[in-house]
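Each chain, written out:
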Amino acid sequence: MKKSARRAVIAGNWKMNKTPCETTALINEMKPLVKDADCGVVLCVPYVDLCAALEAAKDSNIEIGAQNCHWAKSGAFTGEISADMLVSMGVKYVIIGHSERRTYFGDTDVTVNQRVRAALDAGLTVILCVGEYLEQREQGVTGELVAMQTKIALGGVSAEELSRIIIAYEPVWAIGTGRTATADQADEVNGIIRATVKELYGEAAAEAMTVQYGGSMNAANAAELLSKEHVDGGLIGGASLKAADFAAIVEAASR
Ligand code: 13P
C-alpha cells in the first residue's frame, strides 16, 4: 500500500490545559479552519472538557478523544475513568501510554497493554504512544525499545482490531522541548514500528497502519515531517492549543 492510501490523522493532545468554556471557544475557532481537511482530525481533551468538546464538535469533522482510561470496566478505583464511561458519552478515541503517564503516573508496558485491551473492548480507537528517553537514544536502543513497547502493548490484540489502533512515535526528548526529531529520525523509527507490526500481523496490516509522529511538531516543521514515507500524521501538544497553528498542521497533512 502506498503512503497516500493510508489514513493520515492529526490529533491534538491538549494535556492538562483548557476549562470547559475555553474548550468550547477553541473548538468553535478551529471548526471553520479545519472543515476541508483531507485527513482525520481528533482532539484529545481533559476528561472534564469532554462534554463541552463533544457538543462544540457536533456536526463537524472534528472527532473527540480522551487522554487515558482505566483497564477495569468499573470498581473501586478512586479518581479513575473507564473506557465504557467514555464510549457512553460519545467519545471515539483515547490516547494510551503517553510518556507523561509512563513517567509521572507509573504506567508500564503491561498496564498500557491492559488499557489498550479495555479501550478496544469498549469500542474505542486507541492512539498508542511509544518512544525513547534521550539516554536510551544515546545508548543506541531506540529501535529495540519501540519494538518492545509496540509488541507488549499489542499483546492479545487481533488482526481485525488493528484497524482501531494508531501508533504515535513520540521521542520523550522532543516533547515540549522545541527540539523536534529530524524528519529522517522520525521516518526511521516510524519505519521500525511498521516493521514490528509486519512481524506480528503481516505486510498488509503493517502497510495499512497509521503511524504518527509527535514531539514539538508545529506549523513550521509539519510539512517536512509529514512528507516522509512512514509518517502518517501527528500527535500535537503545544501547537494544538492554538487554532491557526493546529489548522496549518492539518492543512500540511491534507496535501
Ligand atoms: P508537544 O507537541 O508540545 O511537544 O507535545 C507532544 C506530545 O506529547 C503530544 O502527545
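The coordinates are above.
Rules and cut-offs
- Residues numbered from 1 in each chain as written.
- Predicted model: local features only at pLDDT ≥ 70, side-chain atom pairs only at ≥ 80, totals over all residues.
- Heavy atoms only, no water.
- Helix = DSSP H or I, 4+ residues; strand = E, 2+ residues; numbered from the N terminus.
- Rg over C-alpha atoms; globule rule 2.2 N^0.38 Å.
- Buried < 20%, exposed > 50% of the residue type's maximum accessible area, 1.4 Å probe, protein only.
- Contact = heavy atoms within 4.5 Å.
- Areas by Shrake-Rupley, 256 points an atom, 1.4 Å probe, with all protein chains shown as cover.
- Lys, Arg positive; Asp, Glu negative; His and termini not counted.
- Charge placed at Lys NZ, Arg CZ, Asp CG, Glu CD.
- Pairing = 2+ DSSP bridges.
- Axes fitted to C-alpha atoms, helices over the stretch in contact; angles between N-to-C directions.
- Salt bridge = Lys/Arg side-chain N within 4 Å of Asp/Glu carboxyl O.
- Polar contact = N/O pair within 3.5 Å; in protein donor to acceptor, adjacent residues only side chain to side chain.

K.L.:
What's the story with the overall build of the protein in this structure? I'm lost.
P.N.:
Secondary structure assignment for the protein yields eleven helices and eight strands. The C-alpha radius of gyration computed for the protein amounts to 17 Å, which stays within 12% of the reference 18 Å derived for 255 residues, consistent with globular compactness. Counting only C-alpha atoms and orienting by the principal axes, one finds that the protein spans roughly 45 × 45 × 35 Å. Here the protein, with 255 residues, has 54% of them falling under the buried criterion. Long-range contacts, defined here as pairs at least 24 residues apart, represent 73% of the contacts in the protein between residues at least 6 apart. Entry remark: accessible area of the protein is about 11,000 Å², with carbon and sulfur atoms responsible for 54%. Taking the 24 positively charged and 32 negatively charged side chains of the protein as two groups, their mean positions are separated by 2 Å.

K.L.:
Help me out: how do you make sense of the sheet that holds strand β7 (residues 211-214) in this one?
P.N.:
Hydrogen bonds along the backbone pair up the strands of a sheet, which may run parallel or antiparallel. In space, the eight strands of this closed barrel follow the order β1-β2-β3-β4-β5-β6-β7-β8, with parallel pairing throughout. Across this sheet, the average inter-strand angle for adjacent strands is 25 degrees, counted without regard to direction. Bridge count for strand β2 (residues 40-44) against strand β3 (residues 62-66) is four bridges, and the pairing is parallel. Bridge assignment links Val42 to a residue of β3, and that residue is Glu63. Taken strand by strand, helix α1 (residues 20-34) contacts β2 and β3, and its axis lies near 135 degrees from that of β3. Together, β1 (9-13), β2 and β8 (233-236) form the strand contacts of helix α11 (residues 243-254), whose direction differs from that of β1 by roughly 160 degrees.

K.L.:
How do you make sense of the pattern of salt bridges when you look at a structure like this?
P.N.:
Pairing of side chains with opposite charge becomes possible as their charged atoms draw close. Counted according to the given criterion, the structure contains 17 salt bridges. Close ionic contact of Asp232 with Arg6 constitutes a salt bridge, the shortest N to O distance being 3.0 Å. Of this pair, Asp232 sits in the loop between α10 (222-226) and β8 while Arg6 sits in the segment before β1, placing them 226 residues apart in sequence. For the pair Asp232 and Arg6, one class covers both residues: buried. Linking Arg117 and Glu161 is a salt bridge whose minimum nitrogen-to-oxygen distance equals 2.8 Å.

K.L.:
Hey, could you run me through the side chain of Asn221 in this one?
P.N.:
For Asn221, the location among the structural elements is in the loop between β7 and α10. Here the side chain of Asn221 touches Thr180 through a polar contact of 3.1 Å, side chain to side chain. Apart from residues lying up to four places away in sequence, Asn221 is in contact with Thr180 and Ser216.

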